[in-house]
Amino acid sequence: MQKIFAFAKDESGATAIEYGLIAAVVGVGIITGLTSLKTELNTLFASIVTTLGN
């Protein structure tokens, strides 16, 4: 029974899980930002092509 309580109190793996969650949130933020940037760049380059085509 003591081993079960010791296992329940052990938090050595919690740090790795927290870092994994932080990395996932940062990854989602990067993907969201790049998607927004892609749309803006497509609009910018389309307007440049239109201006140079005239």
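Now for a look at the structure at hand.

Each value, and the rule that gives it
Residues numbered from 1 in each chain as written. Predicted model: local features only at pLDDT ≥ 70, side-chain atom pairs only at ≥ 80, totals over all residues. Heavy atoms only, no water. Helix = DSSP H or I, 4+ residues; strand = E, 2+ residues; numbered from the N terminus. Rg over C-alpha atoms; globule rule 2.2 N^0.38 Å. Buried < 20%, exposed > 50% of the residue type's maximum accessible area, 1.4 Å probe, protein only. Areas by Shrake-Rupley, 256 points an atom, 1.4 Å probe, with all protein chains shown as cover. Patch = residues over 30% accessible without salt bridge, like charges linked within 9 Å, V, L, I, M, F, W, Y side chains within 5 Å. Salt bridge = Lys/Arg side-chain N within 4 Å of Asp/Glu carboxyl O.

Here we take up the overall build of the chain. Counting its regular elements, the chain contains two helices and zero strands. Relative to the compact-globule value of 10 Å for 54 residues, the chain shows a C-alpha radius of gyration of 24 Å, a clear excess of over 25%. Per-residue burial for the chain yields a buried fraction of 0% across its 54 residues. Summing over all exposed atoms, the chain offers an accessible surface of approximately 5100 Å²; the carbon and sulfur share of this is 71%.

This brings us to a nonpolar patch on the surface. Side chains of Tyr19, Ile22, Val26, Ile30, Leu34, Leu37, Leu41, Leu44, Phe45, Ile48 and Leu52 sit close together on the surface and give an oily, nonpolar patch of about 1100 Å² of accessible area. For leucine 34, the position within the fold is in helix 2 (residues 14–53).

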